[in-house]
Protein chains: 2
Amino acid sequence: MNIGEAADQSGLPVKTIRYYEQIGLVRPAREANGYRDFRAAEVRKLAFLARARSLGFSIEDCRTLLSLYEDGQRASADVKRVASEHLDQISQKIAELETLKASLSHLVARCHGDERPDCPILAGLAEAPKQPKRRRDAGA
Amino acid sequence: MNIGEAADQSGLPVKTIRYYEQIGLVRPAREANGYRDFRAAEVRKLAFLARARSLGFSIEDCRTLLSLYEDGQRASADVKRVASEHLDQISQKIAELETLKASLSHLVARCHGDERPDCPILAGLAEAPKQPKRRRDAGA
DNA sequence: GCTTGACCCTCCAGTCACTGGAGCCTCTAG
DNA sequence: CTAGAGGCTCCAGTGACTGGAGGGTCAAGC
């Protein structure tokens, strides 16, 4: 199977598949003409990667998950640990974004948004408290 | 004022300030010895940038906001538009992450996480449908 | 005057996960 | 034989820094 069909079946762009080969995630065989030849096992790996990536796992996580996937002797605890850590990161990211959202929507709500220059958003950006780090003798 | 003190007062790393000069966000004067010389106005701009970046605005948004900040004739509507679009992006990102979180936590919850190889997480990554399952009465 | 060390300078490379493009080769259909 | 689709490699760019090499400048202390 050529790369184009592998792309269709896995849902990954052709370019991405070549990139995944370059970084060693897959190792398709080659035909005599130099074309990559994807067998069913490679296509399954590509689809696995596509789904892992769509769940936000990093490439390095994907590498780990793929090796666990291929290892019949794996412990599910290893998989769960990787997934749980990623889940924590997602939760943390959501919390950060919620904080940003709260600050920003507060500013936006107070801006009348007309043709006048007066703007609480700019005022907030200009004047929000930001305590400078003190160097040796930086006075107040 | 040298770059180190400007960094302390603005809260930005020295490297980042040099980078901001490189991309044209600030234009500090130079002393005879080649050192950057930051005046109060530049430091205010740096602090403004630090706060805009900490709210997640892109550099290009920051460029726009900075020019609005410096333009006494601005319309607050222009500022509000930039901020509202960013707010929408944040909300959208949160929604995406919530979706990921739901999928992933479903998988993680079902994995017993012990020494056995059986693992619903890997199974989900390996077998999840590329397209949503079609129900009999859902047409298509 | 000299040394030390903090601070400053520029330029280059790396991050992450692709993505676009140039320039070329191969295959298949008509 | 030609056209077009698809394959190949290699290089460069994305965003927003960050680290490091290799070197210049300055102020304090001896």
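Just so you know, the residues in each chain are numbered from 1, in the order the chain's sequence is written. Chains carry letters from A onward and ligands carry numbers from 1 onward, assigned in written order. Predicted model: local features are reported for residues with pLDDT of at least 70 only, side-chain atom pairs are reported and counted for 80 or more only, and whole-chain, interface and lining totals are derived from all residues. To get the side-chain values, all heavy atoms of the structure are used, and hydrogens and water are removed first.

Colleague: Requested: an account of the overall build of chain A, with residues and values cited.
Modeller: Counting from the N terminus, the helices are DSSP H or I runs at least four residues long and the strands are E runs at least two residues long. In terms of regular secondary structure, chain A is built from 6 helices and 2 strands. Its helices and strands taken in sequence order, chain A reads α-α-β-β-α-α-α-α from the N to the C terminus. Radius of gyration here uses only the C-alpha atoms, and the compact-globule reference equals 2.2 Å multiplied by the residue count raised to the power 0.38. For chain A, the C-alpha radius of gyration of 25 Å lies well beyond 14 Å, the compact-globule estimate for 140 residues. Overall size of chain A, expressed as C-alpha extent along the three principal axes, is 70 × 40 × 30 Å. Within chain A, contacts between residues separated by at least 24 positions form 39% of all contacts whose residues are at least 6 apart in sequence. All accessible-area figures derive from a Shrake-Rupley calculation using a 1.4 Å probe, and residue coverage is judged against the displayed protein chains alone. A total of about 8,200 Å² of accessible surface is found on chain A, and carbon and sulfur atoms cover 47% of it. Residue contacts follow a heavy-atom distance rule, with two residues in contact if any of their heavy atoms lie within 4.5 Å.

Colleague: Can you lay out the relation of the copies chain A and chain B for me, pointing to particular residues and giving the numbers?
Modeller: Fitting of the copies onto one another was done by least squares over C-alpha atoms, counting residues only where both copies have pLDDT of at least 70. Once chain A has been moved 0.0 Å along the axis and rotated by 180°, it coincides with chain B to within an RMSD of 0.1 Å. These values place the two chain copies in the arrangement generated by a two-fold rotation axis. No C-alpha of chain A approaches the rotation axis more nearly than that of Ile94 of chain A, which lies at 2.9 Å. Most of the interface of chain A is mirrored in chain B: 95% of its interface residues are interface residues there too.

Colleague: Please set out the nonpolar core residue by residue, giving values where relevant.
Modeller: With 76 residues, the main nonpolar core has Leu46, Phe57 and Ile121 of chain A together with Leu46, Phe57 and Ile121 of chain B as its most contacted residues. With residues up to four places along the chain from it excluded, the contact list for Leu46 of chain B reads Ala6, Ser10, Leu12, Ile17, Tyr20, Val26 and Phe38 of chain B. Among buried residues, those of type Ala, Val, Leu, Ile, Met, Phe, Trp, Tyr and Cys that are joined through side-chain atoms within 4.5 Å constitute a nonpolar core. Partly exposed residues are those whose accessible area sits between 20% and 50% of the maximum for their type, while under 20% is buried and over 50% is exposed, using a 1.4 Å probe and protein chains only.

Colleague: So what about the protein's contact with DNA strand C? Which residues, and what values?
Modeller: Taken together, 20 residues are adjacent to DNA strand C, and Lys15, Tyr20 and Arg53 of chain A together with Gly4 and Arg36 of chain B come closest. Here a residue is considered near a molecule or strand provided that any single heavy atom belonging to it is located within 4 Å of it. Within 4 Å of the protein, the contacting atoms of DNA strand C are 69% sugar and phosphate, with bases supplying the remainder. Within the side chain of Arg36 of chain B, a nitrogen or oxygen atom sits 2.7 Å from a phosphate oxygen of DNA strand C. Going through the elements one at a time, helix 2 (14-22) of chain A together with helix 1 (3-10) and helix 2 (14-22) of chain B are the ones with two or more residues in the surface near DNA strand C. Counted as a polar contact is a pair of N or O atoms within 3.5 Å, where, for protein atoms, one must be capable of donating a hydrogen and the other of accepting one, and residues adjacent in sequence contribute only when both atoms are in side chains.

Colleague: Quick one: what's the story with helix 3 (residues 40-54) of chain A, residue by residue and with numbers?
Modeller: What a helix should span is 1.5 Å times the count of its residues minus one. Relative to the 21 Å expected for 15 residues at 1.5 Å per residue, helix 3 of chain A spans 21 Å between its end C-alpha atoms, a close match to the ideal helical length. Those residues of helix 3 of chain A that sit buried are Glu42, Val43, Lys45, Leu46, Ala47, Phe48, Leu49, Ala50, Arg51 and Ala52 of chain A. Among the structural elements, helix 1 (3-10), helix 2 and helix 4 (59-70) of chain A together with helix 6 (120-127) of chain B are those in contact with the buried residues of helix 3 of chain A. One or two positions beyond helix 3 of chain A, positive phi appears at Gly56 of chain A, with a value near 90°.

Colleague: Could you give an account of the state of the cysteines, naming the residues involved and the relevant values?
Modeller: The disulfide criterion used throughout: a pair of cysteine sulfur atoms within 2.5 Å. According to the stated counting rule, one finds 0 disulfides over all chains in the structure shown. We note that Cys62 of chain A lacks a disulfide partner, and the nearest cysteine sulfur, in Cys119 of chain B, lies 14 Å from it. Here Cys119 of chain A is not cross-linked by a disulfide; its sulfur's nearest cysteine counterpart is in Cys111 of chain A, at 3.8 Å. On the basis of relative accessibility, which here comes to 5%, the residue Cys119 of chain A falls in the buried class.

Colleague: I'd like to hear about the protein's contact with DNA strand D, residue by residue, with values.
Modeller: Surrounding DNA strand D, one finds 19 residues, the nearest of these being Gly4 and Arg36 of chain A together with Lys15, Tyr20 and Arg53 of chain B. Protein-proximal atoms of DNA strand D, defined as those within 4 Å of the protein, fall in sugar or phosphate at a share of 68%. Contact between DNA strand D and Asn33 of chain B: a phosphate oxygen at 2.9 Å from a side-chain N or O atom of the residue. At 3.1 Å from a base nitrogen of DNA strand D is found a side-chain nitrogen or oxygen belonging to Tyr35 of chain B. At the level of elements, helix 1 and helix 2 of chain A together with helix 2 of chain B are the ones that each hand at least two residues to the surface near DNA strand D. Ranked by residues supplied to the surface near DNA strand D, first place goes to helix 2 of chain B with 4 residues. Each residue is assigned to one of three groups, with Ala, Val, Leu, Ile, Met, Phe, Trp, Tyr, Cys and Pro labelled nonpolar, Asp, Glu, Lys and Arg labelled charged, and all others, Gly among them, labelled polar. Class assignment of the residues belonging to the surface near DNA strand D gives a composition of 7 nonpolar, 6 polar and 6 charged.

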